[in-house]
There are 2 protein chains.
Amino acid sequence: MLPSMDTILHDHCRLDPAKPIIVGVSGGPDSLCLMSVLRQAGYRLIVAHFNHKLRPEADIEANNVEQMAARFGLASVIEHADVRAYAEKEGLSLEDAARALRYRFLFQRARQQNAQAVAVGHTADDQVETVLMHFLRGAGLTGLKGMAYRTVLPTFDPEIPIVRPLLDVWREDTILYCATQGLRPHHDPSNQSVNFLRNRLRHLLIPTLETYNPRFREAVLRTAQSLAADHEILTTAADSAWGTCVVQESPGLIIFDTTALAGLAVGLRRNLVRRALEHIHPEAEVTYALLERASAFLADASQRQVDLMRGVRLLREADQIYVVSPEATLPFDRWPQIPEGVESLPLALPERLQLSGSWVLTAEKWNIPALAWEQIQENEDPFQVWLDADSIEGELFLRPRQEGDRFEPLGMGGHTQKLSDFFTNEKLAQRARDRWPLLCVGEKIAWIPGYQPAHSFRVTQSSRRILYFILTKVK
Amino acid sequence: MLPSMDTILHDHCRLDPAKPIIVGVSGGPDSLCLMSVLRQAGYRLIVAHFNHKLRPEADIEANNVEQMAARFGLASVIEHADVRAYAEKEGLSLEDAARALRYRFLFQRARQQNAQAVAVGHTADDQVETVLMHFLRGAGLTGLKGMAYRTVLPTFDPEIPIVRPLLDVWREDTILYCATQGLRPHHDPSNQSVNFLRNRLRHLLIPTLETYNPRFREAVLRTAQSLAADHEILTTAADSAWGTCVVQESPGLIIFDTTALAGLAVGLRRNLVRRALEHIHPEAEVTYALLERASAFLADASQRQVDLMRGVRLLREADQIYVVSPEATLPFDRWPQIPEGVESLPLALPERLQLSGSWVLTAEKWNIPALAWEQIQENEDPFQVWLDADSIEGELFLRPRQEGDRFEPLGMGGHTQKLSDFFTNEKLAQRARDRWPLLCVGEKIAWIPGYQPAHSFRVTQSSRRILYFILTKVK
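A. Region of interest: the pattern of salt bridges. Tallying each qualifying case throughout the model produces 46 salt bridges over all chains. A salt bridge links Arg 401 of chain A to Asp 434 of chain A; the shortest N-O distance between them is 2.8 Å. One end of the pair, Arg 401 of chain A, is in the loop between β16 (396-399) and β17 (406-407); the other, Asp 434 of chain A, is in the loop between α16 (430-433) and β19 (438-441), and 33 residues separate them in sequence. In this structure, Lys 19 of chain B and Asp 16 of chain B form a salt bridge, with 3.9 Å as the shortest nitrogen-oxygen distance. Looking at Lys 19 of chain B, the relative accessible area reads 45%, which means it is partly exposed. Classification of Asp 16 of chain B as partly exposed rests on a relative accessible area of 28%. One connected set of salt bridges, linked through shared partners, spans Asp 30, Asp 126, Glu 129, Arg 171, Arg 198 and Arg 202 of chain A.

So this is what it looks like as structure tokens:
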């Protein structure tokens, strides 16, 4: 009557006969069937019953479960809590409060007992109702694939999985099973439960849909199975794309490489953004509308930043996209910065100077150019510069920017422009500007590392004595 | 009122303003809206109306469409056919017959006019109904993703696509659009159309579902969009897997490499089987149940073959899986075979003999062994053998098997076994056995190419004169 459970228990739920399992038993036919099936398959069980205290019979039912477990020679743990009070306190619906307390109890016991898993009696009917609920709400693949035989619920435990061996078994078959096994279930409490939407689906909507397709429930179950397989492929593809696109992964912060991200299919890009958001807020509901906004942001390179949810932002900087929580500190490591609080760093050549992060400035004086002028012209590293020593009168020092700073760009024949305009033209991130190192002589900026030397201090073919500076990021 | 159509027409439908488009116009608000939108966007249109002749007003409506096209300065083509007669003749439902004739007409005209696409007025409501219909029936991702902005329908034309620019526009908005543009649509004929299931969905089921979620239609539209993006990722993954797993692709036949196939995720494997079946029967409906049977076959290496649909079989041979139509000839190329009709091929050494396919037998006589005995012992090519010439009395010849053939395997000290048992033990495919070449001397089999020499004819350390045979596949 039941499908062969061995493959499901062993391959899909990946249960180990040697380690204990916490089995959640309400006393209804689903969970009694589950308890009996697991026991007959030789697994080590601890029966756990959560008394919601929502109905008058609740205490009697808790007693019954305890006695049934004892009759099977199984240990049992019973707990109760005031669901109504908890719901009011937390501002939850009765149904959400009941689920939260019940799962918390099951996973706490699983931890205490060193259990390999929490097993629950969700049936094929529960699966159909879940998928239908997601369909009505407008879910993506993740919702429409329904529940899995085995999955981790990070809200309750980061490691111990929940397993659902009866996902392929119809509720009706669990009732028949109980009858043939001499088990006396309560009238399934979930039917009178607080979950009103589920009950409307079960008793009204699904029968209506069965007038369109008498095998509607089987159809949805098949859909869920087929989508679960597709979801697995997608997960593999997304894992690989994550590896390619993520530059940095730390609490509250994911950094993507913009070019790598742009090379992905739309769906995969959306998928990575979803992952990043879930990384930052594991419990947040990542809606489709939210992903749409994120996609629009990614597609429009002129946008600098967008707020997505609860202060989580997407931020574009140079060739990177940051997904960042309000608490996270953005990394400064990719830029040279003058340490906070330092207003001036005098240089006595030769010099080796440690800046913030892992940046180091090295400076040398060359009386005879060690490089031909042509080679200097061909310099491709903007963090390396040669200056004409004879044009420099006064002490050299590094400092952050000051109000009113101006700079004399190369090739502008002595004309200056506002430093802030220069930074804006070069699209340097705002937050990098305040502590950006500037090589100065007196009032003048001689070199903006990462960009260019000032016109007056450049090396020319007639330069005799040369100063050499290089900023490097030490790994 | 309508979403910005430029991106949709240009990016999603990939329409070229320079080339003509056949636009299917029923005269209802959807198709009039489409005609007007395309015209205003500057595309070159030919209006095509198919008169189903199913309702009394049909002729008047056809006239109206012609006049409206003329008023817009557009060419139009009208055609009619007896849908009812066609349906009866072909044993189709009225709705399937109407669709088949209408699409055939549209694509024929598109061909004649060198059109880039056939444009039709499917709206967001049609999309929701389509997805809902698939959901009720139990579809996978391919069905649930709904219709695409642009797609090829191989049944009607192998190249010219159908485009659906209004997939994001609600039917209601096309009605409003027509009103503001002074267009006078017919009362949408599809409402009284032959498509009863669609009408039940539209007028009964969707309003019911909207009591569960007032924004149900938007939700389904979003789901379809999200699944379409996922489907794109899957297609990319499947393309790549197809490249890895498919050994041969010819009409009526796909050959997979078993090991490569086994390395894939379940869903991807199922996906490749679906593709293979669609390659063989482009119009077949590949059901989930069918893919389940195929998956079960793939998972069970002991199964040799399974019939899937319309005589299409899955066949396991050595390290390959064949998906094969009843008409296809299975390749023999991988095996040496005695040509059909030939009963004996005498050998006069040295010899070079052409067998079926591209196999060639080369035979030589060595009076002094050219190889040390140890080297002969280390032979790893089963299609190469050395025999002891002095053990061979009589003429050598190749022949196919005969009733009652026995063989003396190596190391069995002269004992023989039935050739058929030998083949079975070695798991040689049945269809390869009848014409398998056997090297014989008188009544005895001296060598089974691909396997081993007979015990009596083997080379030993005391062999003086040696015969050398090799079968090679010439590219």
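B. Molecular detail of the packing of helix α10 (residues 216-245) of chain A against helix α12 (residues 266-280) of chain B. Remark: α10 of chain A packs on α12 of chain B, axes separated minimally by 7 Å, with the N-to-C direction vectors making an angle of 110°. In terms of axis orientation, α10 of chain A runs roughly perpendicular to α12 of chain B. Between α10 of chain A and α12 of chain B, the contacting residues are Ala 229, Glu 232 and Ile 233 of chain A on the first element and Val 266, Gly 267, Leu 268 and Arg 270 of chain B on the second.

C. Focus on the interface of chain A and chain B. Taken residue by residue, the interface counts 40 residues in chain A and 40 residues in chain B. Summing both sides of the interface, chain A and chain B together bury roughly 3400 Å²; the carbon and sulfur share of this comes to 71%. Counting across the interface, chain A meets chain B through 4 residue pairs in polar contact (both at pLDDT 80 or more). Elements that contribute at least two residues to the side of chain A that touches chain B include exactly α6 (124-137), α7 (141-144), α9 (196-210), α10 and α12 (266-280) of chain A. Broken down by element, the side of chain A that touches chain B gets its largest block of residues, 14 residues, from α10 of chain A.

D. The packing of aromatic side chains, seen in detail. Considering all chains together, one arrives at 29 aromatic pairs over all chains under this definition. Here Phe 50 of chain B and Phe 105 of chain B contribute two aromatic rings whose centre-to-centre distance is 5.7 Å and whose plane-to-plane angle is 35°, an arrangement assigned as tilted. Taken as a pair, Phe 50 of chain B in strand β2 (residues 44-51) and Phe 105 of chain B in helix α5 (residues 94-112) lie far apart in primary sequence, 55 residues in all. Exposure class is identical for Phe 50 of chain B and Phe 105 of chain B. Each is buried. Ring centres of Phe 407 of chain B and Phe 422 of chain B lie 5.2 Å apart, and the angle between their planes is 65°; on these two criteria the pair is classed as edge-to-face. In this pair, Phe 407 of chain B is assigned in strand β17 (residues 406-407) and Phe 422 of chain B in helix α15 (residues 419-425), connecting sequence segments 15 residues apart. Of the two residues examined, Phe 407 of chain B and Phe 422 of chain B, each falls in the buried class. Members of the aromatic cluster, joined through ring pairs, are Phe 407, Phe 422, Phe 423, Trp 436 and Tyr 451 of chain A.

E. Here's a closer look at the relation of the copies chain A and chain B. For the pair chain A and chain B, the superposition axis carries a translation of 0.0 Å, the fit reaches an RMSD of 0.3 Å, and the rotation angle comes to 180°. The transformation relating the two chain copies, once decomposed into turn and shift, fits a two-fold axis. Among all residues of chain A, the minimum C-alpha distance to the rotation axis is found for Leu 234 of chain A, at 3.3 Å. A high fraction, 100%, of the interface residues of chain A reappear at the interface in chain B, so the copies pair face to face through one surface.

F. Representation of the environment of Arg 104 of chain B within the structure. Along the chain, the position of Arg 104 of chain B falls in helix α5. The contacts of Arg 104 of chain B, once residues within four sequence positions are left out, are Tyr 86 and Phe 156 of chain B.

G. Geometry of the sheet that holds strand β6 (residues 161-163) of chain B. All names here are of chain B. Spatial ordering of the open sheet is given by β3-β2-β1-β4-β6-β5, a layout of 6 strands whose pairing is mixed. Both outer strands of the open sheet, β3 (75-80) and β5 (150-152), are each paired with one neighbouring strand and no more. Mean inter-strand twist for the sheet, computed between neighbouring axes without regard to direction, equals 30°. Where strand β4 (residues 117-119) meets β6, 2 bridges bridge the pair, whose relative direction is parallel. Across the sheet, residue Val 118 finds its bridge partner in β6, namely Ile 162. Together, β1 (20-24), β2, β3, β4 and β6 form the strand contacts of α5, whose direction differs from that of β2 by roughly 150°.

H. Local environment of unusual backbone geometry. Residues and elements named next belong to chain A. Between Leu 349 and Pro 350 the backbone carries a cis peptide bond, its omega angle lying at -10°. The backbone phi angle of Arg 14 is positive, close to 50°, even though this residue is not glycine. Mapped onto the secondary structure, Arg 14 falls in the loop between α1 (5-12) and β1 (21-24). With a relative accessible area of 51%, Arg 14 lands in the exposed category. In this model, Arg 310 sits at a positive phi of 45°, which is unusual for a non-glycine residue. Examined against the element boundaries, Arg 310 turns out to sit in the loop between β9 (305-309) and β10 (312-317).

I. Summary view of the sheet that holds strand β12 (residues 345-346) of chain A. Residue and element names in this part refer to chain A. Spatially, the 5 strands line up as an open sheet ordered β12-β16-β19-β20-β21, and their pairing is antiparallel. Among the strands making up the open sheet, the edge pair consists of β12 and β21 (452-453). Relative to strand β20 (residues 444-448), β19 runs antiparallel, the two sharing 3 bridges. By the bridge assignment for β20, Cys 440 is matched with Ile 445.

J. The arrangement of the packing of α10 of chain A against helix α10 (residues 216-245) of chain B in detail. Here α10 of chain A crosses α10 of chain B at 75°, and the two axes come no closer than 10 Å. As far as their axial angle goes, α10 of chain B and α10 of chain A are roughly perpendicular. Residue-level contacts link Asp 230, Ile 233, Leu 234 and Ala 237 of chain A of α10 of chain A to Asp 230, Ile 233, Leu 234 and Ala 237 of chain B of α10 of chain B. Taken together, the residues of the contact of α10 of chain A with α10 of chain B break down into 6 nonpolar, no polar and 2 charged.

K. Summary view of the pairing of strand β13 (residues 351-354) of chain B. Residues and elements named next belong to chain B. Residue alternation in β13 divides its side chains into a buried set, Glu 351 and Leu 353, and an unburied set, Arg 352 and Gln 354. Alignment of β13 against strand β14 (residues 359-366), held across 4 bridges, turns out to be antiparallel. Following the sheet pairing, Leu 353 is matched in β14 by Leu 361. Counting the residues that bridge the hairpin from β13 to β14 gives 4 residues, and of these Gly 357 lies at a positive phi of roughly 65°.

L. Layout of helix α8 (residues 171-180) of chain A. All names here are of chain A. Taken together, the buried positions of α8 are occupied by Arg 171, Asp 173, Thr 174, Tyr 177 and Cys 178. The arc that holds the buried residues of α8, viewed along the axis, is 155°, so those residues lie on one side. Structural note: α8 exposes Glu 172, Ala 179 and Thr 180 on the side pointing more than 90 degrees away from its buried face. Turning to α8, the residues buried within the fold contact α2 (29-40), α6 and α9.

M. Region of the structure containing the pairing of strand β2 (residues 45-51) of chain A. Residues and elements named next belong to chain A. Among the 7 residues in β2, 7 count as buried, and that is most of the element. Here 4 bridges tie β1 to β2, and the two strands are oriented parallel to one another. Paired with Gly 24 across the two strands is Ala 48, which belongs to β2. Read as a crossover between parallel neighbours, the route from β1 over α2 to β2 is right-handed. Sheet topology note: the β2/strand β3 (residues 75-80) ladder contains 6 bridges and is parallel. Note on β3: the bridge partner recorded for Asn 51 is His 80. With helix α3 (residues 58-71) bridging β2 and the parallel β3, this β-α-β connection has right-handed handedness.

N. Representation of the environment of Ile 206 of chain B. Residues and elements named next belong to chain B. By the secondary structure assignment, Ile 206 is in helix α9 (residues 196-209). Note on Ile 206: relative accessible area 6%, which makes it buried. Among residues more than four places away in sequence, those in contact with Ile 206 are Val 128, Glu 129, Leu 132, Leu 201, Phe 216 and Arg 217.

Reading the values: rules and limits
- Residues numbered from 1 in each chain as written.
- Chains lettered and ligands numbered in written order.
- Predicted model: local features only at pLDDT ≥ 70, side-chain atom pairs only at ≥ 80, totals over all residues.
- Heavy atoms only, no water.
- Salt bridge = Lys/Arg side-chain N within 4 Å of Asp/Glu carboxyl O.
- Helix = DSSP H or I, 4+ residues; strand = E, 2+ residues; numbered from the N terminus.
- Buried < 20%, exposed > 50% of the residue type's maximum accessible area, 1.4 Å probe, protein only.
- Axes fitted to C-alpha atoms, helices over the stretch in contact; angles between N-to-C directions.
- Parallel < 35°, antiparallel > 145°, perpendicular 65-115°, else oblique.
- Contact = heavy atoms within 4.5 Å.
- Buried area = accessible area lost by both parts, 1.4 Å probe.
- Polar contact = N/O pair within 3.5 Å; in protein donor to acceptor, adjacent residues only side chain to side chain.
- Phe/Tyr/Trp six-rings, centres within 6.5 Å; stacked < 30°, edge-to-face > 60°.
- Least-squares fit on C-alpha atoms with pLDDT ≥ 70 in both.
- Pairing = 2+ DSSP bridges.
- Nonpolar A, V, L, I, M, F, W, Y, C, P; charged D, E, K, R; others polar.
- Arc of directions from axis to C-beta.
- Right-handed = clockwise from strand over helix to strand, strands pointing away.

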